[in-house]
Amino acid sequence: MSDVFLRLLQHLAPIISIIINMKYMNRIILSVFLLLPLAGYTQIQIKGFVKDDVAAIGSANVIISSPSGKMIDDAPGAISHQDGTFYCKVKAGQYKIRISFLGYTSWEKVIIAYKDLDLGTIVLKEDTQNLKGITVSAKQKLVTYTTDRIIFNVENSISAIGGNAIAAITAAPGVIIRNNTISMLGKGASRVMVDGHMVQLTGQELFNYLNAIPSADIKSVEVITNPPANYEADGDGGLINIVLKKGLSNSWKNSASLAYDQNKYNFFTLRDNYLYNRNRLKLSFSGGASLGNSGVKQDLKTYYPTGPWQMSYDGKEKKDNISGRMAIDYDLSKKVTIGLQYLGDYTNSGGGDDTRIDIFNISGAMDSLLIKTGYRDQTSVSHTYNAHLVADLDTLNRKLAVDFDYFIYDAKTDNNFIAKTFLPDMEFLNINLAAINIANQNIDNFSSKIGIEHPMKLINLSYGAKFSLTNSEGDISYLNTITGSPVPDANLSNQFSYKEKNEALYLTGTKNVTQKLSLQLGLRLENTQTEGYSGTLNQNIKNDYLKLFPTVYIAYKKSDDDNFILSYGKRINRPGFALLNPFRSYLNSKSYSEGNPFLKPSFSDNFDFSYTDKGKLRTNLFFNLTKDGFGPVFTSDPETNTLIVTRENYYKEYYYGLGENYTAGIFSWWQSQNMAYFLASKSELAGNLNATAKNGAQLYVSTSNTFSLSKNTKLQADYFYSSAFNRGLYQFGNQSGLNMAMKQSFLNNTMQLSIMVNDVLNSAYLKNYTSAVNGIKQVYNENNSSRYFRISMTLNFGNNKINVSQRDFGNDEESKRTH
């Protein structure tokens, strides 16, 4: 039955693409799927599965040589995947295969290859003779470098224990979180994926989503500066991929954790994660909740000609959340797997709104002050569904993957506030503003994706297509309560809808030119249609564009620990849905924020070169060019003292930098990861913006050190420093941060106690964020509980002898843009 199903898949693969609605590209994809399979040649494939007495072994070296041990140019060998499997392709002949891994006795065998060969299960035995009297642990590095990404192994980071995905991403090298935006050094805003699928959220909604993913569920964080063509082209700051943990074959495991965080306020987090894998069935369940509050401090000083205005906010934000995840995979046969996955999240945030604005005259004396009080209640609910199929099409190792995803996001904000004006002696003058603001946002996204891996004799191909459809509906009701009774104000209320359809084709080819030189070329074609409509303003904005996004990787591997990589990629950065809404949101009668329905996507060209020396020292040189860059613009009217926050395509930027990364085991008990970057930028501002570009240089250094005091006790100390710098429209103040953490294991590592202090010196927050438009200078600072203390306890139990695949969501890109 399964063989018949496979043959049907082979014949139906080109037809499946037609089902995907592609206005301009149906003929292209049909030709790709029909013709490419005919280009393959008969090859001899060698495969196998590497394990020890307990579990699969990933990253084992598979070396193919002549029977006498001489290396062969066209038989480069392989490295086993994390599930222990490996695949090699050779010409017909006689070979010696050697499989090795640190701490184990190597396995060798001489074979005659005349047809596809399955070596079956290869069990490596611990090298007890060579290890006698000493202890050698094949430790996974905290940070590893591959051709197209940097991998931060969260499992080995003490500071991430007891935290969430935000804490794990923050700890990854070169990743910066500022103003609810995640970015990389030398890049713009980054997109976030979970197991290779884009998250369809941005801003605070994205942070709420990531806060619901515990770090205990995360295996690693991949920082992809120039993503290959099979990934979405969105995100000029590259991609950050969160890889979730997978269980061992024929095992079950349960991990429960309780964490307590203390900043100005405090909150608790309770999580449980269950993994089960037996025979054909793989299950995963996780759930958890957090309860409590966190402190937020913000201040903004605006220098008007008549005197400065000083705004300050010291708030208490709720952090109540419940989330859960379920995944099931079933092997219909040895070659076909189907699966379902669900992720749900409920978040209740908000808090007291206590904002004060001190108004000074030109001599520096206070004239009056505005005090805004109220309460803001925010709730959001998200549901993400995934169905998938993965199949091996034939003995040439061609694979088919099909995904269907559906994402729903509903959010509601109820903001009840009043702003009063007082004299300096607190004598009441008047009510400046009083209202109830009720905002609703509903987003749903459907996407489908098909991909094929197609190894051939001359080149390895991967190709596929994706279709995505997003609908966003938002409305804001404004009720004026200045008289004491709520009166609807149609001029300050709004309804906004947005639709986006995206169709994509991709093709990637990888070729080992020699044993040392490899080349990867990729093309991604995306066709996008958008339509935004404001019912209140009666504005309808449509866009339709077809763009090609090429990628190039050239890698030269001098040895296992020395390599050169040159890459290029073209990217697009699409505005978040909320940024396109033209509605005005008022802080007071003199301050408001508004979106821009005419906002266009920005495009960037990214060049990157890196050299790794002896697996320890990595030199990185990059250059990025961004056109039609967009972002917030703080504009002040000196005549009316009105502050307007808009979103504009206002700059073209050249950004470049040189960095050094050094990883070393200084002693057997001390591992150190160090980074130093010199960055610089040059910007050209749009002619209609009354401002001057601020160009300058930046120094960024960081170090992460892990100390193994004993088998069960580890310490971690991390520090970073960023100099003050200018970039585009803004100036940034210097930042630095020291984090200290300790982990103590008990009962054969089944119980772990972790303690961590983040930002010990309370100096890692955004400060002196300065801009000047229309001659009005503004300085902003924000500290969202940068310094905090955490203590967590984790309990692990189960049968380590019974891999749960945790599938990624295919519409994660669109959900990230909902804010």
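What comes next is a walk through the structure. This is a predicted model, so every value here is computed, not measured.

Conventions adopted
Residues numbered from 1 in each chain as written. Predicted model: local features only at pLDDT ≥ 70, side-chain atom pairs only at ≥ 80, totals over all residues. Heavy atoms only, no water. Helix = DSSP H or I, 4+ residues; strand = E, 2+ residues; numbered from the N terminus. Buried < 20%, exposed > 50% of the residue type's maximum accessible area, 1.4 Å probe, protein only. Contact = heavy atoms within 4.5 Å. Pairing = 2+ DSSP bridges. Core = buried A, V, L, I, M, F, W, Y, C linked by side-chain atoms within 4.5 Å. Phe/Tyr/Trp six-rings, centres within 6.5 Å; stacked < 30°, edge-to-face > 60°. Lys NZ or Arg CZ within 6 Å of the ring centre and 35° of its normal. Salt bridge = Lys/Arg side-chain N within 4 Å of Asp/Glu carboxyl O. Patch = residues over 30% accessible without salt bridge, like charges linked within 9 Å, V, L, I, M, F, W, Y side chains within 5 Å. Areas by Shrake-Rupley, 256 points an atom, 1.4 Å probe, with all protein chains shown as cover. Polar contact = N/O pair within 3.5 Å; in protein donor to acceptor, adjacent residues only side chain to side chain.

### Focus on the environment of N480
Topologically, N480 is positioned in strand β26 (residues 460–480). N480 gets classed as partly exposed once you look at its relative accessible area, which sits at 26%. Between the C-alpha atoms of N480 and A435, which are 45 residues apart in sequence, the distance is 4.5 Å. Not counting residues within four places of it along the chain, the set of residues in contact with N480 comprises A434, S485, P486 and V487.

### Structural notes on the sheet that holds strand β2 (residues 61–65)
Across the sheet, which stays open at both edges, the four strands sit in the order β3-β2-β5-β6 with antiparallel pairing between neighbours. Looking at which strands have only one partner, the edges of the open sheet turn out to be β3 (78–79) and β6 (107–113). Bridge analysis of β2 against strand β5 (residues 93–100) gives five bridges, and the strand direction is antiparallel. Counted as the bridge partner of N61 is S100 from β5.

### Here we look at the sheet that holds strand β15 (residues 239–244)
Ordered in space as β8-β9-β14-β15-β12-β13, the six strands form an open sheet in which the pairing is mixed. One side of each edge strand has no neighbouring strand; the edge strands of this open sheet are β8 (143–145) and β13 (197–198). Where strand β12 (residues 191–194) lies against β15, four bridges are found, and the strand directions are parallel. Bridging from a neighbouring strand, V192 pairs with I240 of β15.

### Notes on the nonpolar core
Grouped burial of nonpolar side chains is what soluble globular proteins tend to show. In this structure, I182, L210, I218 and V221 are the most contacted members of the largest nonpolar core, which totals 40 residues. The next biggest cluster of nonpolar side chains, apart from the first, holds 23 residues, and it includes Y313, F732, L766 and V773.

### Remarks on the packing of aromatic side chains
A full pass over the atoms with the stated rule returns 24 aromatic pairs. With centroids separated by 6.0 Å and ring planes inclined at 25°, the aromatic side chains of W669 and W670 adopt a geometry described as stacked. We classify W669 as partly exposed; its relative accessible area is 40%. Accessibility expressed as a relative area gives 23% for W670, which makes it partly exposed. Put simply, the rings of Y556, F564, F609 and Y611 pair up and form one aromatic cluster. Seen from the ring of Y765, K767 lies directly overhead, with NZ or CZ sitting 4.5 Å from the centre. Above the face of the Y303 ring, K777 is positioned so that its terminal group lies 5.6 Å from the ring centre.

### A few points about the pattern of salt bridges
Overall, the coordinates contain 17 salt bridges when judged by the stated rule. Residues K466 and E232 are paired through a salt bridge, measuring 2.4 Å at the closest nitrogen-oxygen approach. With K466 in strand β26 and E232 in the loop between β14 (218–224) and β15, the pair connects residues that are 234 residues apart, well separated along the chain. Judged by its relative accessible area of 4%, K466 falls in the buried class. For E232, a relative accessible area of 5% puts it in the buried group. The salt bridge partner of R356 is D358, with a shortest N-O separation of 2.7 Å. Accessibility expressed as a relative area gives 33% for R356, which makes it partly exposed. Several salt bridges converge on common partners, so that one network encompasses R191, D234, R524, E526 and R574.

### Structural notes on a nonpolar patch on the surface
Residues I554, L566, F609, L621 and L658 make up a contiguous nonpolar surface patch of about 410 Å² in total accessible area. Note on placement: F609 falls in strand β34 (residues 602–613).

### Digging into the environment of S593
Looking at the element boundaries, S593 is found in strand β33 (residues 591–594). Along the chain, S593 and L643 lie 50 residues apart, while their C-alpha atoms are 8.4 Å from each other. Excluding its chain neighbours within four sequence positions, the residues that come into contact with S593 are F583, R584, S585, V645 and R647. Here R647 takes part through its side chain, which lies 2.7 Å from a polar atom of the side chain of S593.

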